[in-house]
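The lines below spell out each chain.
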Amino acid sequence: MDISQSSQRILSSLLEARTGQQITFSRRWRIDSALTSIMREREFDSIDQLVARLVSGRDPALTEAVIEALLNNETYFFRDKLPFDLLFGGPIRRLELARSRERRLAIWCAGCSTGQEVYSLAMNFLDEKTRWQGWKIEIVGSDLSRRAIERARGGVYSQFEVQRGLPVMQMIRYFEEVGGREWKVAPALRQAVRFEQASISDPPPRPGRFDIVLCRNVLLYFTTEMRRLAFTRLAQAIAPDGSLMLGAGETVIGQTDRFVSDPENRGLYIPVSAGGAQAVRVA
Amino acid sequence: MRSCLVVDDSKVIRKVARHILETLNFSVEEAEDGREALDRCDASMPDVILLDWNMPVMSGMEFLRALRGSERSEQPKVVFCTTENDIAHIRAAIAAGADEYVMKPFDRETLQSKLQIVGVA
Ligand SMILES: C[S@@+](CC[C@H](N)C(=O)[O-])C[C@H]1O[C@@H](n2cnc3c(N)ncnc32)[C@H](O)[C@@H]1O
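Quick caveat, the model's predicted, so the values are computed rather than measured.

(A) Looking closely at the domain arrangement of chain A. Residues and elements named next belong to chain A. In terms of domain boundaries, chain A breaks down into domain 1 (5-70) and domain 2 (82-271). The gap between the C-alpha centroids of domain 1 and domain 2 is 30 Å. Between domain 1 and domain 2, the residue contacts involve eleven residues of the former and ten residues of the latter. Carbon and sulfur atoms make up 48% of the surface buried where domain 1 meets domain 2, a total of about 890 Å² over both sides. Residue R146 is joined to E64 by a salt bridge in which the shortest nitrogen-to-oxygen separation is 2.7 Å. At the boundary of domain 1 with domain 2, the tally comes to six residue pairs in polar contact (both at pLDDT 80 or more). Going through the elements one at a time, α1 (5-19) and α4 (60-70) are the ones with two or more residues in the side of domain 1 that touches domain 2. Classifying every residue of the side of domain 1 that touches domain 2 by side-chain character gives one nonpolar, five polar and five charged.

Rendered as structure tokens:
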């Protein structure tokens, strides 16, 4: 389907204004396929017609539906696998000692989409019940997308989704079959996590300070300005001895001076304390 | 290069699996049923076996029991790959010695993630 230049521009600036995400040139073709079901539902004949309705400003529900459709919600359990091994081998082991007195850990997945990342972390903790006995472990996921957060809270996954990345032992331990083709998160796992609808540009969710922050495959398409704001938010939310994990192929280098690479754990980042930054500057 | 034996009575499934596995850099052998699969294993033990459940001559379950019960010192990883998609079948497969379980239909990412989980990809 043809989309006029001006419609493309309107759609990308709408997305950018509401989410901080840019539609890069290479992703432009997706506009078309992303909007097909809305077009059908609302009986628009062309994208230009849909855009005309959007700019009329009289249809907030349409605006929300369009933004939801343009967001990339791709995710799966234990995505990329290695980062989870790294997290549990490195920082979580270290924090287990560092927090052995208060016995509290807080983890935030910023941009958690439909919840798989959050449940993956929680399963790994539940797998080691005795080790974490007496600990209060808060695992919070947030995402801008209302639809994604609703799905995360519901915890129901298709057969296709449930087996992608998820070891079968954890699947049978933490999921229940519902209605033949779907799998629902078991109560023990559901109770171990919390989800909130929020943008990364909003203040962080409760408890506000996190030992580990994951922000994977979210910053990729942010505008420079939004990325800077996101790093500021992430830095405010992270404990001074906490760790930040980004997606494979994402980095803080050249993006922010609030985080530096963790010399002990490749692919992880540690916050630069105000004092530390000063010392670096003086040196 | 890792080797994979695809055991399935459907030619189409074998072809699809072969295609995916080859893009993941596996050398691929095929067998139409459990009996043929045992022969293949005797000739050369693969690193991993992708195993259907319902097959003529010898089912996937019978094959797995024979394989795990045998004196063979080399034991490959076994990933069931079947339309038997309920929890009872999954539990039975694990009890019999399967390492992973793929519910059909599957795609490249799913298969790849399961092969990673069993440590061959
Ligand atoms: C590709 S998914 C990544 C999900 C998961 N972190 C992973 O790596 O598998 C990106 C998510 O970021 C969310 N997102 C985009 N812009 C956002 C923003 N400004 N604030 C919060 N979430 C945002 C999208 O809704 C989407 O669910």
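Alright, that's what it looks like, and here's the rest.
(B) A look at the interface of chain B and chain A. The interface of chain B with chain A comprises 20 residues on the first partner and 16 residues on the second. At the surface where chain B touches chain A, the tally comes to zero salt bridges. Taken together, the connections running from chain B to chain A amount to seven residue pairs in polar contact (both at pLDDT 80 or more). Secondary structure elements with two or more residues in the side of chain B that touches chain A: α4 (87-95), β5 (100-103) and α5 (108-117) of chain B. Considering only residue class, the side of chain B that touches chain A consists of eight nonpolar, four polar and eight charged.

(C) Just the pairing of strand β7 (residues 210-215) of chain A, in detail. All names here are of chain A. Within β7, six of the six residues are buried, which leaves it mostly tucked inside the rest of the structure. Note: β7 against strand β8 (residues 238-246), five bridges, orientation parallel. Counted as the bridge partner of C215 is L246 from β8. With respect to chirality, the unit in which β7 leads through helix α12 (residues 224-237) into the neighbouring parallel β8 is right-handed.

(D) Examining the site of the ligand more closely. All names here are of chain A. What surrounds the ligand is a group of 22 residues, the closest being N73, T75, R79, D143 and N217. T75 is positioned with one of its side-chain polar atoms (N or O) 2.6 Å from an oxygen atom of the ligand. G111 places a main-chain nitrogen or oxygen 2.8 Å from a nitrogen atom of the ligand. When the ligand is considered free in solution it has 610 Å² of accessible area, and contact with the protein chains removes 98% of it. Per-class residue counts for the shell around the ligand are seven nonpolar, ten polar and five charged.

(E) Spatial organisation of the sheet that holds strand β2 (residues 136-143) of chain A. Residue and element names in this part refer to chain A. One open sheet accounts for seven strands, arranged β6-β2-β1-β7-β8-β10-β9; its pairing is mixed. Two strands close off the open sheet at either side, each with one partner strand: β6 (193-197) and β9 (259-261). Adjacent strand axes in the sheet meet at a mean angle of 25°, parallel and antiparallel pairs treated alike. Relative to β7, strand β1 (residues 104-110) runs parallel, the two being bridged by three bridges. Counted as the bridge partner of W108 is V213 from β7.

(F) Fine view of the pairing of β2 of chain A. All names here are of chain A. Counting buried positions over the eight residues of β2 gives seven, a clear majority of the element. One ladder, built from seven bridges, connects β1 with β2; its direction is parallel. Considered in β2, the bridge of W108 is made with V140. Regarding topology, helix α7 (residues 116-127) serves as the crossover connection from β1 to the parallel β2, and that connection is right-handed.

Here is what the cut-offs are and how they apply
Residues numbered from 1 in each chain as written. Chains lettered and ligands numbered in written order. Predicted model: local features only at pLDDT ≥ 70, side-chain atom pairs only at ≥ 80, totals over all residues. Heavy atoms only, no water. Domains from an automatic or database assignment. Contact = heavy atoms within 4.5 Å. Buried area = accessible area lost by both parts, 1.4 Å probe. Salt bridge = Lys/Arg side-chain N within 4 Å of Asp/Glu carboxyl O. Polar contact = N/O pair within 3.5 Å; in protein donor to acceptor, adjacent residues only side chain to side chain. Helix = DSSP H or I, 4+ residues; strand = E, 2+ residues; numbered from the N terminus. Nonpolar A, V, L, I, M, F, W, Y, C, P; charged D, E, K, R; others polar. Buried < 20%, exposed > 50% of the residue type's maximum accessible area, 1.4 Å probe, protein only. Pairing = 2+ DSSP bridges. Right-handed = clockwise from strand over helix to strand, strands pointing away. Near = heavy atom within 4 Å. Areas by Shrake-Rupley, 256 points an atom, 1.4 Å probe, with all protein chains shown as cover. Axes fitted to C-alpha atoms, helices over the stretch in contact; angles between N-to-C directions.

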